[in-house]
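Secondary and tertiary structure notes
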Amino acid sequence: MSDPAPGNDPALHIVDLEKRYPTGVEALRGVSLDIEPGQLFGLLGPNGAGKSTLIHCTTGLAQPTGGSIQVFGHDATTGSYAEARQAVGLAPQEPNLDWFLTVAETLDYHAGYFGMPKRERRERTEELLETFSLTEKRDERTRTLSGGMKRRLILARAVMHKPRLLILDEPTAGVDVELRLELWHYVQRINEEGTTILLTTHYLEEAEQLCDRIAFITEGQIVAEGTNEEVAERFGVANLEDAYLALVGRKELSRSHIELGDEVAS
Amino acid sequence: MSAAQIRFATLWRREVNRFMKIKKQTLGAPLLETFLYISVFGAALGTRIDKLHGIDYIVFVVPGLIMMAWSTNAFTNNSSSILQQKFQGAIQDQLSSPASPLELLLAFSLGGFMRGLIVAVITFVASVILIDLPVDHVLVLIPALFLVGFFFSQLGVLIGVRAEQFDDVAFAQTFVLTPLIFLGGVFYSATLLPQPWETITHFNPIYYMINLVRYGFVGYTEVSIPLSLAALTAATVALFLVNLRLFSRGYKLRS
């Protein structure tokens with residue numbers, strides 16, 4: 001983990017966040033969370049727990065119905081959200097690329113939406129095309145890319161404007177091992193360089209290896225938070241995977257449980 | 001350029017880039033359509049129709065066609081662009097940026113406005129060459145055309161934001177906009193209609209827009225020009241404020 005950025009404000013400061021959809025579904029029920037600058041923070045939980053809703057509220061894609069969000073001390077939910085948005089980069093779960101744009105245009109336009117001057121955009125685009133092995137695809141329309149290439153481009157787009165807080169919503173879902181490792185190496189590198197990272201993933205071993213701190217969210221509430229060891233201890237188990245299984249009420253799927261069962265059977 | 005200016009310029013450039021990349025569909029097709037109208041109603045039918053209010057029939061019709069080209073292209077572009085981006089999820093990239101609701105709304109609006117402007121200008125230049133189209137009141141014509149273009153840009157944004165499927169956009173265009181334009185007097189003078197149709201035509205807002213543009217070109221009108229300009233300005237501003245409110249609330253854009 002890198003040294004925290006200057007200033008005392010947390011990278012992300014969420015207080016009593018609530019989100020009730022017009023359908024009546026309560027996706028978030030009083031979530032409070034602090035992520036310190038420079039951390040690589042894992043937000044874990046089952047499908048429908050509220051992870052994506054929390055991310056959408058932070059990035060302006062959903063309007064909270066209660067509570068507050070601050071990004072590096074800047075309010076992210078009221079009318080003066082510009083500085084908070086400027087500080088955040090989002091790689092969403094679903095590929096949401098603009099079909100009309102080429103790969104290079106996707107990066108250039110994104111940086112433009114964030115107010116980056118032309119020369120800087122051009123240099124940054126070349127740098128990221130190279131970093132994510134997209135140079136040969138630069139003039140191809142995004143809809144012609146393979147799933148892996150789309151995933152690379154989405155991550156490149158998220159970091160294009162040099163955000164201080166990078167939010168990765170299941171960034172390695174459905175990608176092959178090689179690409180997954182490439183992406184994690186990149187994420188670790190920019191984290192070491194000072195970028196704070198909020199990560200959601202279903203790959204618990206990745207969260208265990210990469211994250212400084214973890215929070216478990218279920219039914220719109222944070223139920224545990226701390227280091228891997230602290231979270232495991234909170235559930236009275238040995239590791240993060242067992243803690244997760246305890247959270248979702250499926251302890252019988254624990255590897256230690258299965259191994260013990262095998263020994264008894266033999 | 002300031003960060004806000006770069007943001008706005010990029011958002012606007014994206015909208016123009018979109019329709020320029022599919023220009024056979026977005027510019028070629030409407031131009032062909034307009035020239036077909038001119039051919040059919042001017043060259044074919046026009047030779048068999050007497051002058052209308054002392055004006056050659058084709059000259060009477062072309063101002064309405066120019067207005068129709070600008071308005072339908074502005075509307076179609078914006079409604080389609082916004083709905084497509086909502087479908088793809090690509091609009092999230094813009095919504096999660098620091099861009100303000102005003103910047104987003106203006107950029108979306110001006111994309112369609114530009115497309116309508118390009119089609120209208122090409123049609124106008126061709127008309128001046130082919131049929132000697134006059135421009136009698138340029139100080140009425142320019143604000144009238146710009147207001148009409150901006151009004152329909154706003155209408156396109158409104159429908160695009162509200163739409164949940166492509167059917168919604170097609171419905172608005174086919175069952176509302178096109179009949180209003182056709183029945184607004186593009187191809188005829190309302191004074192020629194029997195009652196109650198002449199009176200009913202006066203309740204069609206497009207009728208006033210066509211008269212404004214026609215007055216700008218050929219100096220003929222059936223309505224009060226100052227009143228029509230004032231009403232069109234008020235309607236455009238009202239629609240803009242409604243859209244700004246929707247963008248500020250994130251209506252059907254943010255969950």
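Given the structure is predicted, the values throughout are model-derived calculations rather than measurements.

This part takes up the overall build of chain B. Each helix and strand counted, chain B has 10 helices and zero strands in total. For a compact globule of 255 residues, the expected C-alpha radius of gyration is about 18 Å, and chain B comes in at 19 Å, within 12% of that figure. Taken across its 255 residues, chain B has 47% of its residues classed as buried. In chain B, 83% of the contacts between residues at least 6 apart in sequence involve partners at least 24 apart.

For chain A, the helix and strand inventory stands at 10 helices and 10 strands. Against the compact-globule benchmark of 18 Å for 266 residues, chain A has a radius of gyration of 19 Å, which places it among compact chains. A principal-axis box enclosing the C-alpha atoms of chain A has dimensions of 65 × 45 × 40 Å. Looking at the 266 residues of chain A, the share that counts as buried comes to 46%. For chain A, contacts bridging at least 24 residues in sequence account for 66% of all contacts bridging at least 6.

Further remarks concern the interface of chain B and chain A. With 24 residues of chain B at the interface, the matching set in chain A holds 26 residues. Broken down by secondary-structure element, the contributors of at least two residues to the side of chain B that touches chain A are α1 (3-21) and α4 (91-95) of chain B. With 10 residues, the single largest contributor to the side of chain B that touches chain A is α1 of chain B.

Turning our eyes to something else, we now look at the sheet that holds strand β3 (residues 40-44) of chain A. Residues and elements named next belong to chain A. Taking strand neighbours across the sheet as the criterion, the six strands line up as β6-β7-β8-β3-β9-β10 in an open arrangement whose pairing is mixed. Here the strands that pair on one side only, and so sit at the sheet edges, are β6 (88-91) and β10 (221-226). Strand-to-strand, the axes of this sheet are offset by a mean angle of 15 degrees, without reference to chain direction. In the sheet, strand β7 (residues 165-169) pairs with strand β8 (residues 196-200) via five bridges, with the strands oriented parallel. Along β8, the bridge assignment pairs Leu 168 with Leu 199. Of the strands in this sheet, β3, β6, β7, β8 and β9 (213-218) are in contact with helix α1 (residues 51-59), which crosses β7 at around 145 degrees. Running over the sheet, helix α5 (residues 147-159) touches β6 and β7 and is turned about 170 degrees from β6.

Within soluble globular proteins, side chains that are nonpolar tend to cluster in buried spots. Of all hydrophobic cores here, the largest spans 143 residues; its most connected members are Val 71 of chain A together with Val 148 and Val 213 of chain B. Sorting elements by how many residues they give to this core places helix α3 (residues 57-88) of chain B first, with 15 residues. Mapping this core onto the domain boundaries places at least three of its residues in each of domain 1 (12-226) and domain 2 (232-266) of chain A.

Time to look at the confidence of the model for chain B. All names here are of chain B. Residue-level pLDDT values for chain B average 91, and 100% of them are 70 or greater. Per-element confidence in chain B ranges from a low mean pLDDT of 82 for helix α2 (residues 23-44) to a high of 96 for helix α6 (residues 138-162). Among the scores for the predicted complex, ipTM is 0.88 and pTM is 0.89.

Attention now moves to the pairing of strand β2 (residues 26-35) of chain A. All names here are of chain A. By the bridge criterion, seven bridges tie strand β1 (residues 12-20) to β2 in an arrangement that is antiparallel. Each bridged residue has a counterpart across the sheet, and for Glu 18 the counterpart in β2 is Arg 29. A loop of five residues connects β1 with β2, the two strands running antiparallel in sequence, and Gly 24 in this loop sits at a positive phi of about 100 degrees.

The pLDDT averaged across chain A works out to 89; a share of 93% of its residues lies at or above 70. Note that pLDDT drops below 50 for residues 1-5 of chain A; the model gives that stretch 18 contacts with residues more than four away or on any other chain.

It is worth spelling out the environment of Val 237 of chain B at this point. Positionally, Val 237 of chain B belongs in helix α10 (residues 225-249). Residues Val 237 of chain B and Leu 147 of chain B, 90 residues apart in the sequence, show an inter-C-alpha distance of 9.6 Å.

Residue and element names in this part refer to chain B. Between α3 and helix α5 (residues 101-131), whose axes approach to 7 Å, the crossing angle comes to 155 degrees. Of the possible angle classes, the one that applies to α3 and α5 is roughly antiparallel. The hand of the α3/α5 crossing is right-handed. Of the residues contributing to the contact of α3 with α5, the split by class is 17 nonpolar, 11 polar and one charged.

To continue, consider the environment of Glu 136 of chain A. Residue and element names in this part refer to chain A. Tracing the sequence through the fold places Glu 136 in the loop between α4 (118-131) and α5. Residue Glu 136 is classed as exposed on the basis of its 9 C-beta neighbours within 10 Å. For the pair formed by Glu 136 and Val 103, sequence separation is 33 residues and the distance between their alpha carbons is 9.7 Å.

The end-to-end C-alpha separation of α3 of chain B is 46 Å, in line with the 46 Å expected for 32 residues at 1.5 Å each. Trailing α3 of chain B by a residue or two, Gly 89 of chain B shows a phi angle of about 85 degrees, which is positive.

Right, let's talk about the sheet that holds β2 of chain A for a bit. All names here are of chain A. Strand order in the open sheet formed by four strands is β2-β1-β4-β5, and the pairing between neighbours is antiparallel. Both outer strands of the open sheet, β2 and β5 (74-75), are each paired with one neighbouring strand and no more. Contacting β1, β2 and β4 (66-71), α1 runs over the sheet at an angle of about 115 degrees to β1.

Calculation notes
Residues numbered from 1 in each chain as written. Chains lettered and ligands numbered in written order. Predicted model: local features only at pLDDT ≥ 70, side-chain atom pairs only at ≥ 80, totals over all residues. Helix = DSSP H or I, 4+ residues; strand = E, 2+ residues; numbered from the N terminus. Rg over C-alpha atoms; globule rule 2.2 N^0.38 Å. Buried ≥ 20, exposed ≤ 12 C-beta atoms within 10 Å, placed from the backbone. Contact = placed C-beta atoms within 7 Å. Pairing = 2+ DSSP bridges. Axes fitted to C-alpha atoms, helices over the stretch in contact; angles between N-to-C directions. Core = buried A, V, L, I, M, F, W, Y, C linked by C-beta atoms within 7 Å. Domains from an automatic or database assignment. pLDDT = per-residue confidence, 0-100. Parallel < 35°, antiparallel > 145°, perpendicular 65-115°, else oblique. Left-handed = near helix turned anticlockwise from the far one by under 90°. Nonpolar A, V, L, I, M, F, W, Y, C, P; charged D, E, K, R; others polar. Expected span 1.5 Å × (residues − 1).

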